[in-house]
Amino acid sequence: MARETLPATISSPTDAASTGKDASSQLNRSFDRRSLLKGLGIVGAAVSVGSLLAPEADADSSGGGITHGDAAILRFLAAAEILETDLWQQYNELGGIQDSEVPGGSGSPAYTAAISQLDGDMAQYIHDNTEDELTHELFINAYLVSKGASPVNLDQFRTLPSSNASGAQQIGRLTNLMQLSPDTTWWTRYRSRSGNPDLGDNFPPAIPSLAVGQHPAIPRTDDDLADPNFLQAIANTAGFHFATIEQGGTSLYPKVAQRVSSVEVLRIVLSIGGTEISHFQTWSDKAGNAPPLTAVDPVTGVSVTFPDLNSSPLGGEDFQTNLIMPEPTAFLSRNLPACSIIRPTATQGAAMGALAGLTADGLFIGQAPAFFHFMRELATAADNARRGG
Ligand SMILES: [Fe+2]
Ligand SMILES: [Fe+2]
C-alpha cells in the first residue's frame with residue numbers, strides 16, 4: 001500500500017500568515033482553533049514539511065499512518081467541512097445563537113424572527129449545526145496530522161465580503177450566501193417511490209423559482225429587513241438552503257466511504273456522515289414550514305415563489321410536507337425490492353460532483369480562480385482514491 005508520508009502536491013501553501021491574515025485570524029480567534037489545535041501539537045494548519053517527512057509519520061514503523069487514498073478523501077472532506085463551517089457561521093451570526101460555543105456576530109432580531117416562522121427552535125438548530133461543522137473540520141484535520149498527513153487550510157481564500165446587515169462580523173468569507181440558486185430537487189428525490197439518481201432518474205425541484213436567478217439567504221444590508229414579505233422570502237430561502245447543503249453531506253460521506261482503506265478512517269467517515277444525515281432530516285422537516293409567498297427582490301428584481309406544497313396542483317406523495325422519512329425506492333437494481341435509503345450513493349466522481357453542486361448553487365460566486373483550482377485538485381485526488389491504495 002502506498003502510505004501517506006509526503007505532503008501531497010495539493011497541500012495548501014499554508015501561508016495564511018501572509019494572505020487573508022486578518023480574516024483568518026479573526027475567525028481563528030472566534031473559534032479558538034489555535035488553542036484547540038495546540039493540544040494536538042498543531043498550530044493552525046502550518047505544519048512544517050519537516051514534520052511531515054519525519055520517519056515516525058510512516059505507517060510501517062509506527063503502526064499509524066494512512067494510505068494516500070484515505071488521506072486524499074479526508075482532505076477533501078476537511079475542505080468541505082471548512083466550507084460548511086464558513087457558511088453556517090454566517091447564518092449563526094445573523095440568525096442563530098451567538099455564544100461561547102459559536103462566537104461571532106451579534107444577531108439580526110428581524111431575520112431571526114423570520115427564520116423562526118419555520119420553527120421556534122431554528123436559532124438553536126443553526127447554532128448546533130454550526131458547532132458540528134466546526135468540530136468536523138477540526139477533527140479531520142487533526143486526524144490527518146496525527147497520521148503524518150498534511151491538513152487542509154483555506155485561509156488564503158477568505159476573501160468574499162460579509163453581509164453589511166447589523167449583526168454580522170466584518171471578516172473575509174469563503175462562501176457567498178447572498179446570490180444563491182439552491183437546488184431543491186432533494187425534496188422530490190427523497191419522496192419518490194421509484195426513482196433513484198444512481199439509476200439515471202431526475203427529479204423536479206420543490207421550489208423551481210429558487211433555481212432561477214440569484215437569491216439572498218441572509219440580509220445583505222438592513223434595507224433587506226424593511227419589507228416583511230421579502231424578509232420572509234430570504235428566511236425561506238435559508239430554510240431550503242440548509243437542507244440543500246446537508247443532503248449533499250448526507251450523500252457525500254457514504255459515497256466516499258466505499259473507497260476508504262482503513263477501518264479507522266471508515267469509522268470516521270461513517271460517524272461524521274451520520275450527523276450530516278441528522279442535520280438533513282431536521283432541515284427537511286423545517287423547510288416544509290416555510291410560509292407560502294411570492295416576493296420580488298427590491299435590489300435585483302428577481303422574483304421567488306414558495307408555493308403551498310400541500311395543496312393542488314402540488315401535494316400528494318411527491319410534495320406533502322410531512323413526508324420527511326425517506327420513501328422506499330429502487331436501490332442498486334430495479335429487480336430488487338424497494339428500500340428506504342440515502343440517495344444518491346454511487347461512489348464514482350463523488351467529490352467532484354459535490355464541488356460542482358455547491359458551485360452551481362452559487363455558493364462560491366466571487367471566489368478567485370485559484371480557489372476553484374485548489375478545490376478541483378482536492379476533489380480529483382479524492383475521486384482517484386481506491387480501496388487499498
Ligand atoms: Fe459536516
Ligand atoms: Fe453538514
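Residues numbered from 1 in each chain as written. Chains lettered and ligands numbered in written order. Predicted model: local features only at pLDDT ≥ 70, side-chain atom pairs only at ≥ 80, totals over all residues. Heavy atoms only, no water.

Observations concerning the packing of aromatic side chains
Okay, step 1: Enumeration according to the criterion identifies 18 aromatic pairs in this entry.
Okay, step 2: Considering the side-chain rings of Phe157 and Phe371, the 5.5 Å spacing of their centres and the 80 degrees angle between planes classify their relative orientation as edge-to-face. Of this pair, Phe157 sits in the loop between helix H7 (122-146) and helix H8 (186-189) while Phe371 sits in helix H12 (residues 369-384), placing them 214 residues apart in sequence. A single burial state applies to Phe157 and to Phe371, both of which are buried.
Okay, step 3: Ring geometry for Tyr190 against Phe280: centres 5.0 Å apart, planes inclined by 55 degrees, an arrangement best described as tilted. Of this pair, Tyr190 sits in the loop between H8 and helix H9 (228-257) while Phe280 is found in helix H10 (residues 263-287), placing the two residues 90 residues apart along the sequence.
Okay, step 4: In this structure Tyr190 comes out as buried when scored by relative accessible area, which is 5%.
Okay, step 5: According to the relative accessible area criterion, Phe280 is buried, its value standing at 5%.
Okay, step 6: Linked through ring pairs, Trp186, Trp187, Tyr190, Phe240, Phe280 and Phe306 together constitute an aromatic cluster.
Okay, step 7: Positioned above the aromatic ring of Trp187 is the side chain of Arg191, whose terminal nitrogen or guanidinium carbon lies 3.7 Å from the ring centre. (Phe/Tyr/Trp six-rings, centres within 6.5 Å; stacked < 30°, edge-to-face > 60°. Helix = DSSP H or I, 4+ residues; strand = E, 2+ residues; numbered from the N terminus. Buried < 20%, exposed > 50% of the residue type's maximum accessible area, 1.4 Å probe, protein only. Lys NZ or Arg CZ within 6 Å of the ring centre and 35° of its normal.)

Describing unusual backbone geometry
Okay, step 1: Here the bond from Ser312 into Pro313 is cis, since omega is 10 degrees, no more than 30 degrees from zero.
Okay, step 2: Within the secondary structure, Pro313 sits in the loop between strand S2 (303-306) and strand S3 (328-329).
Okay, step 3: Pro344 follows Arg343 through a cis peptide bond whose omega is -5 degrees.
Okay, step 4: Inspection of the secondary structure puts Pro344 in the loop between strand S4 (339-340) and helix H11 (350-360).
Okay, step 5: Positive phi, close to 70 degrees, is recorded for Leu332, a residue that is not glycine.
Okay, step 6: Here Leu332 shows up in the loop between S3 and S4.

A word on H7
Okay, step 1: Taking 1.5 Å of rise per residue, the 25 residues of H7 would be expected to cover 36 Å, and the 36 Å separating its terminal C-alpha atoms lies within 8% of that figure.
Okay, step 2: Just downstream of H7, Gly148 is the residue with a positive phi angle, here 80 degrees. (Expected span 1.5 Å × (residues − 1).)

Side note on the coordination of the iron ion (ligand 2)
Okay, step 1: Distances from the iron ion (ligand 2) to its protein donors, Glu84 (OE), Glu133 (OE), Glu246 (OE), Glu246 (OE) and Glu276 (OE), fall within 2.0 to 2.7 Å.
Okay, step 2: Linear spacing of the donor residues for the iron ion (ligand 2) on their chain is E-x48-E-x112-E-x29-E.
Okay, step 3: A separation of 3.4 Å is found between the iron ion (ligand 2) and the iron ion (ligand 1), which are bridged by Glu84. With Glu133 in helix H7 and Glu276 in helix H10, this pair connects stretches of sequence that are 143 residues apart.
Okay, step 4: We classify Glu133 as buried; its relative accessible area is 0%. (Donors = N, O, S within 2.8 Å, 3.2 Å for Na, K, Ca; no water.)

Describing the coordination of the iron ion (ligand 1)
Okay, step 1: Protein coordination of the iron ion (ligand 1) is provided by Glu81 (OE), Glu81 (OE), Glu84 (OE), Glu133 (OE), His136 (ND1) and Glu276 (OE), with donor distances spanning 1.9 to 2.6 Å.
Okay, step 2: Every donor counted, the six donor atoms about the iron ion (ligand 1) form angles of 56 to 167 degrees at the centre, which fits irregular coordination.
Okay, step 3: Sequence positions of the donors to the iron ion (ligand 1) reduce to the motif E-x2-E-x48-E-x2-H-x139-E. (Tetrahedral: all angles 85-135°; square planar, octahedral: opposite > 155°, others 65-115°.)

Focus on the packing of helix H5 (residues 68-95) against H10
Okay, step 1: Interhelical geometry of H5 versus H10 gives an angle of 30 degrees and a closest axis separation of 12 Å. Taken as axis vectors, H5 and H10 run roughly parallel relative to one another. The hand of the H5/H10 crossing is left-handed. Taken together, the residues of H10 that come into contact with H5 (itself represented by Asp70, Leu74, Leu77, Glu81, Glu84 and Trp88) are Val265, Ile268, Val269, Ile272, Glu276 and Trp283. (Axes fitted to C-alpha atoms, helices over the stretch in contact; angles between N-to-C directions. Parallel < 35°, antiparallel > 145°, perpendicular 65-115°, else oblique. Left-handed = near helix turned anticlockwise from the far one by under 90°. Contact = heavy atoms within 4.5 Å.)

Quick word on the nonpolar core
Okay, step 1: By size, the foremost hydrophobic cluster in this structure holds 84 residues, and its most contacted members are Leu74, Tyr91, Leu154 and Phe240.
Okay, step 2: What Leu74 contacts, discounting residues up to four positions off in sequence, is Ile66, Ile140, Tyr143, Leu144, Val265, Ile268 and Val269. (Core = buried A, V, L, I, M, F, W, Y, C linked by side-chain atoms within 4.5 Å.)

Notes on the side chain of Lys286
Okay, step 1: Counting through the fold element by element, Lys286 comes out in helix H10.
Okay, step 2: Within polar-contact distance, the side chain of Lys286 engages the side chain of Asp119 at 2.7 Å.
Okay, step 3: Setting aside chain neighbours within four positions, we find Lys286 in contact with Leu118, Asp119, Met122 and Tyr125. (Polar contact = N/O pair within 3.5 Å; in protein donor to acceptor, adjacent residues only side chain to side chain.)

Quick look at H12
Okay, step 1: Between its first and last C-alpha atoms H12 spans 22 Å; for 16 residues at 1.5 Å apiece the expected length is 22 Å, and the two agree.
Okay, step 2: Taken together, the buried positions of H12 are occupied by Phe371, Phe372, Phe374, Met375, Leu378, Ala379, Ala382 and Asp383. Axial view of H12: buried residues confined to an arc of 165 degrees, hence all on one face. Exposed side chains of H12 directed beyond 90 degrees from the buried face belong to Pro369 and Asn384.
Okay, step 3: The inward-facing, buried residues of H12 contact H5 and H11. (Arc of directions from axis to C-beta.)

Focus: the pairing of strand S1 (residues 293-296)
Okay, step 1: Only one face of S1 is covered, namely the face carrying Leu293 and Ala295; the face carrying Thr294 and Val296 is uncovered.
Okay, step 2: Bridge analysis of S1 against S2 gives four bridges, and the strand direction is antiparallel. When the sheet's bridge partners are listed, Val296 is paired in S2 with Ser303.
Okay, step 3: What sits between the antiparallel neighbours S1 and S2 is a turn of six residues, in which Gly301 has the positive phi angle 80 degrees. (Pairing = 2+ DSSP bridges.)

Some points on the pattern of salt bridges
Okay, step 1: Considering all chains together, one arrives at twelve salt bridges under this definition.
Okay, step 2: Lys147 serves as the salt-bridge partner of Glu264, at 3.6 Å between the closest nitrogen and oxygen. Here Lys147 lies in the loop between H7 and H8 and Glu264 lies in helix H10, a separation of 117 residues in the sequence.
Okay, step 3: You can call Glu264 partly exposed: its relative accessible area is 41%.
Okay, step 4: With relative accessibility at 17%, the residue Lys147 sits in the buried group.
Okay, step 5: Residues Arg158 and Asp155 are paired through a salt bridge, measuring 2.8 Å at the closest nitrogen-oxygen approach. (Salt bridge = Lys/Arg side-chain N within 4 Å of Asp/Glu carboxyl O.)

The analysis is restricted to geometry; functional conclusions fall outside its scope.
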